Amino acid sequence: MAPDEPRPSTERIAFRTCPLCEATCGLEITVRGDTVVRIRGDRHDVFSAGFICPKGSTLKQLHDDPDRLRGPLVRRDGVHVEVSWAEAWAEVERRLTEVIDRHGRQAIATYHGNPVAHSLGAMLFGRPFSQALANPVRFTASTVDQWPRQVAAGHVFGSPVAVPVPDLDRTDLLVVIGANPMVSNGSLCTTPDVPGRLAALRARGGTLVVLDPVRTRTAQEADWWLPIRPGTDALALAAVVNSLAAAGRIDPGEHLAGHVDGLDEAVAAVAGLTAESVADVTGIPATDMHRLAGMLADAPSAVVYGRIGTTTAGFGTVTSWLIDLVNTVTGNLDRPGGAMFAEPAASPVGGGSGGRRGFHAGSRRSRVSGHPVVLGEHPAAAMAEEIVTPGEGQLRALITVAGNPVLSTPHGAALDAALDELELMIAVDIYLNETTRHADIVLPPPSALQRSHFDAALAPFFVRNVANYSPAVLPLEPGRPDEWEILAKLALIAQGAGAEADPDVVTGLAVAGLVRSATQDDASVVAGRDPDELIALIGDRRGPEALLDVMVQLGPYGAAFGARPDGLTLDRLIEHPHGIDLGPLRPRLPGLLRTASGRVELAPPAVLVDLERVRAELLGGARQRGPGSALLVGRRHLRSNNSWMHNVSVLVSGRPRCTLLVHPDDAAAWGVLDGGVARVTSRVGSVEVPVEVTDEIRPGVVSLPHGWGHGVDGTRLRVAAEHAGVNSNLLTDDRAIDPLSATSTLNAIPVQVSPVGGR
Ligand code: SF4
C-alpha cells in the first residue's frame, strides 16, 4: 500500500517510544487487529522527528518471535516445562519460602539487566521488590557499564544522577572519548539521530574530535581521530589539564564564580602528567595533546564526552572525574554548548529536594573479596564467588530480571558453573537464554509492544528536555500479568503475603509512599497538603501509570495536583502522543548540587587517592610486550544490542559480526590471516574466533564484540544459535575492578593472540 492510500478501516496507528536503546526514537506503528503491520519512524515525534535505526522496526519481529516465552516455565527433572500462571506462582511461593526459612532473606540476590532501565514497570516495581527482600545483595548491569560515570558525578556534584551531558545541538567542539554514538546511538547522552546531530554540528562550523583505539564509525565522521592506547584516557585528560595550566588558560568562567571548590587542588593533583610525560603510554604525541587543549580553550563552546571505553577500562571513576575537570576548567560546565544537566519531567531517582547530604559510597564491602558495595550495588563480577564460597551470607537464590550475565559479565564460565550451585533461581525474562536456562522458574513478561512506556531512568541524560508517554500498543493475552504485576507479586510473596496476593497492594503502598514523603518535604510543591486528598486524585490508575502520574505532577513541570493548572499530568502526556518538548537544556547550578558544601567539589579525596593508582599502574614501569601480546577492546554494531537481540534474523543476517579485528602489521607478525581463526587467551580463559584484518584499529589492539556465545544446550534461541559467535566475557577478568565504582574492566584486557591451525 502506498503511504498516502487510505488504510483499511480495521487498521489503526499507534505511537510508541522505542525502548531498545537510549535514543528514545518515536515509532509510528500500524496495527491490524492484534497484528503489527508496519513500524517506521514517527515524523512528528518532538525529539526524533522520524529517525529510527534498523533495530527500531524489529519490535514486530521480537513480538512475533516464536522463541519468545508466552507462559511461565518450571524446571522438572532438568527440563523446562510450561505451566499455568497459578502453578508458577505456587511454585515461587513454595521454593522462595523454603530458601527464606532455611537461610534468611540475605541469602537471596537479584540481578537486573540493562533492559530494566528501558521498562517503566520494571524500573518502578523493582524497588518494592528489593525492599521486600530486605536489602538483598543487588547486582545489576551498571557495574559492567556506566557506574563510574555516575559515581564520579556523585563525588563532584553530590548525586549519581547529576551526570552532565553534552549539549550536542549547540556545541562548537565535541570531543568524544571511548564512545561510538554513530553506532550505539548515544548513551548517557540520550538523543535520537546522532548522525543528523553530528551533521548539524559540522554544518554550523563545529568540529568533531574522537579519541579511540579503533577508527569507529564515529571516528570516520570526525575531523580528527586520535588513536589512543586503550585504558590510558585518564592520562590524556590529565595532559590536557596540564597543557591548559601551563598556558594560563584554566578558567571555569564567571557563571561558576563562587560555586566551585577544589579547583587549585585538582589541577595540582594532576601535576606532572604532562603531554610529554604520558605520550609514550597513551600513544598520542605531545604536540597533539597541546593542540587539543588549545582547541578546547579557544572554542566558543566545547564539551568532552566519554562513554564505555572510559568507564570500563580500569580507571573509570578517575577518568570520568577528569572529563568533568576538563569541561570545568575550559569554562564549559553548565553552559550552552558545553556539559549541561537535563531537568527530567519525572524521575524515580534523585527527585524531591534531595537535601545536601553529600555523596558516600563504598563503606560496605562484599563478603568474599571485600570489593566495595557502591550505592547498594555489588560488583556483577563477584556474583559467582558469592554463590560458590561457603560461609555465612553465601548466596543460595538468585532472581534475575531481563539479564543475561553469563554473556554480559566477567569470567562468564565461572558464573555459568556457579548458577548450577544455587538452591533456587527465578528469572523474569522473555527468553530462555544462556543465563535463564539455569532457572528453576521462568516468569516471562509481555513483549515491549504490550507494555506502556516512559523513559524515567534515561531522563537525567536527555540532551533536550522532553517528556513522552506511550500506552501499550497491543493488549495483554487474557490472564497474563504485566511486568510490574510479576515484580509486585514477587515482592508480596517474599513478604509472606502468599501467591494469591493482589499486586495492586504494592501500587497503593508505593503511591502512598511517594505522596506522603512529598507532602512532608518543605521544598516540595505539595508541602503540607493532605496526602489522602492527593492520593484520591490519582483515581483508579494502576501500576506504573499511578506512580508516573504522581512523579510527573510532582516534577518541575508538573501540575502539583491542581496547584499549577497548566502543569503536566499523565493525562496531558497522553494527549500528546508525539511527546512534549520542554526546551533546550538550561543552566542548573548551583540549585542541582547535592554536595555537602553546596558547591561543585572538584577535588574529591577518594578520587585523588585513586589517581595515584593511575600513575602507579600506567606509568609505573615497562610493560613487557612479547609476540602476540595485545590489549583487547569491545565494539558495538548498529544491528546488535548486548546479548538479547540476536534471535531476530534480520539483525544477524549477512557477514558474521563476532570477529576479532586485528591490524595488518600484527596479523603479519602473529601469523594470523584474514578469514582465518585465532586463539585469544587471557588470564581467565580462551576463545577461538574468526579474524578480520583491518587498518581501522591501532596496532597492538584487538577488538571483539560482547553479547555473543549462543547455541548452548538448554537455551531456546534458534536464530541466535545459528549465529552463535563466542562469548568475549570468557576472557574478561573478574578480579579487575575499579575500586571506586566496583565496575569491571571490560576494555584494555591483556591477551595473547595466536593462529589456530598454524600460520
Ligand atoms: S536508535 Fe535506539 S531507540 Fe532509535 S530506533 Fe534504534 S534501537 Fe530504537
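The structure displayed is predicted, hence computed values, not measured ones.

### Points about the overall build of the chain
Now for step 1: Across its full length, the chain carries 25 helices and 32 strands.
Now for step 2: Taken over C-alpha atoms, the radius of gyration comes to 25 Å for the chain, in line with the 27 Å a tight globule of 759 residues would show.
Now for step 3: Along the longest, intermediate and shortest principal axes, the C-alpha atoms of the chain span 65 × 65 × 65 Å.
Now for step 4: For the chain, buried positions account for 59% of its 759 residues.

### Concerning the environment of Val156
Now for step 1: Note that Val156 resides in helix H4 (residues 147-157).
Now for step 2: Taking the C-beta count within 10 Å as the criterion, Val156 has 30 such neighbours and is therefore assigned buried.
Now for step 3: Residues Val156 and Ala603, spaced 447 residues apart in sequence, show a C-alpha to C-alpha distance of 7.6 Å.
Now for step 4: In this view, Val156 contacts Trp321, Asp324, Val600, Glu601, Leu602 and Pro604; residues no more than four positions away in its chain are not counted.

### Observations regarding the sheet that holds strand S3 (residues 35-41)
Now for step 1: Taking strand neighbours across the sheet as the criterion, the three strands line up as S1-S2-S3 in an open arrangement whose pairing is antiparallel. A strand with exactly one partner marks an edge of an open sheet, and here the two such strands are strand S1 (11-17) and S3. This sheet shows a mean twist of 25° between the axes of neighbouring strands, independent of strand direction.
Now for step 2: Across seven bridges, the pairing between S1 and strand S2 (residues 26-32) is antiparallel. Within S2, the position partnered with Ala14 by the bridge is Ile29.

### Here's the deal with the site of the ligand
Now for step 1: The ligand sits among Cys18, Leu20, Cys21, Ala23, Thr24, Cys25, Ile52, Cys53, Lys55, Gly56, Asn185 and Pro192.
Now for step 2: By residue class, the composition of the shell around the ligand is eight nonpolar, three polar and one charged.

### A word on the environment of Ala382
Now for step 1: With respect to the helices and strands, the residue Ala382 is situated in the loop between strand S16 (372-373) and helix H14 (383-388).
Now for step 2: By the C-beta count within 10 Å, which is 27 here, Ala382 ends up buried.
Now for step 3: Taking the C-alpha atoms as reference, Ala382 lies 40 Å from Asp288; in sequence the two are 94 residues apart.
Now for step 4: The residues touching Ala382, leaving out its near neighbours within four places in the chain, are Ser366, Val368, Ser369 and His371.

### Re the domain arrangement of the chain
Now for step 1: By domain assignment, the chain separates into domain 1 (11-64), domain 2 (73-135 + 359-455 + 480-578), domain 3 (147-345 + 595-611) and domain 4 (623-755).
Now for step 2: Its C-alpha centre places domain 2 at a distance of 32 Å from the equivalent point of domain 4.
Now for step 3: At the level of secondary structure, the elements contributing two or more residues to the side of domain 2 that touches domain 4 comprise S16, helix H15 (405-408) and helix H16 (412-419).
Now for step 4: Broken down by element, the residue count for the side of domain 2 that touches domain 4 peaks at three residues, all from H16.

### Brief notes about the pairing of S2
Now for step 1: As paired strands, S2 and S3 are joined by six bridges and run antiparallel to one another. Directly across from Thr30, in S3, lies its bridge partner Arg38.

### A few points about unusual backbone geometry
Now for step 1: Here the residue pair Leu589 and Pro590 is connected by a cis peptide bond, since its omega of 10° sits within 30 degrees of zero.
Now for step 2: Residue Ala560 is not a glycine yet carries a positive backbone phi of 50°.
Now for step 3: Here Ala560 lies in the loop between helix H20 (543-554) and helix H21 (570-574).
Now for step 4: Despite not being glycine, Phe561 shows a phi value in the positive range, around 55°.

### What about the sheet that holds strand S17 (residues 397-401)?
Now for step 1: Across the sheet, which stays open at both edges, the seven strands sit in the order S5-S4-S19-S18-S17-S6-S7 with mixed pairing between neighbours. Because the sheet does not close on itself, it has two edges, and the strands there are strand S5 (79-82) and strand S7 (137-140).
Now for step 2: Relative to strand S18 (residues 424-428), S17 runs parallel, the two being bridged by five bridges. Counterpart to Leu398 in the pairing with S18 is Met425.

### So, the packing of H4 against helix H13 (residues 316-329)
Now for step 1: Contact geometry for H4 and H13: axes closest at 8 Å, N-to-C directions at 55°. Between H4 and H13, the angle falls in the class oblique. Considering how the two elements wind past one another, H4 and H13 form a crossing that is right-handed. The residues of H13 that touch H4, namely those facing Pro148, Arg149, Val151, Ala152, His155 and Val156, are Gly316, Thr317, Ser320, Trp321 and Asp324.
Now for step 2: Residue composition of the contact of H4 with H13, by class: five nonpolar, four polar and two charged.

### Things to note about the confidence of the model for the chain
Atomic detail in the predicted coordinates should be set aside for any region of low pLDDT.
Now for step 1: On average, the chain scores 94 in pLDDT, and the residues at 70 or more come to 96%.
Now for step 2: Note on residues 349-353: pLDDT under 50 across the span, and twelve contacts to partners over four residues away in sequence or across chains.

### Re H4
Now for step 1: By the criterion of burial, H4 is predominantly enclosed, with eleven of the eleven residues buried.
Now for step 2: Every buried residue belonging to H4 is among Trp147, Pro148, Arg149, Gln150, Val151, Ala152, Ala153, Gly154, His155, Val156 and Phe157, and all of these are buried.
Now for step 3: Close packing links the buried residues of H4 with helix H12 (308-311), H13, strand S24 (600-601), helix H22 (605-619), strand S30 (737-738) and strand S31 (743-744).
Now for step 4: Phi turns positive one or two residues past the end of H4, at Gly158, with a value near 95°.

Reading guide: rules and limits
- Residues numbered from 1 in each chain as written.
- Predicted model: local features only at pLDDT ≥ 70, side-chain atom pairs only at ≥ 80, totals over all residues.
- Helix = DSSP H or I, 4+ residues; strand = E, 2+ residues; numbered from the N terminus.
- Rg over C-alpha atoms; globule rule 2.2 N^0.38 Å.
- Buried ≥ 20, exposed ≤ 12 C-beta atoms within 10 Å, placed from the backbone.
- Contact = placed C-beta atoms within 7 Å.
- Pairing = 2+ DSSP bridges.
- Axes fitted to C-alpha atoms, helices over the stretch in contact; angles between N-to-C directions.
- Near = placed C-beta within 6 Å.
- Nonpolar A, V, L, I, M, F, W, Y, C, P; charged D, E, K, R; others polar.
- Domains from an automatic or database assignment.
- Parallel < 35°, antiparallel > 145°, perpendicular 65-115°, else oblique.
- Left-handed = near helix turned anticlockwise from the far one by under 90°.
- pLDDT = per-residue confidence, 0-100.

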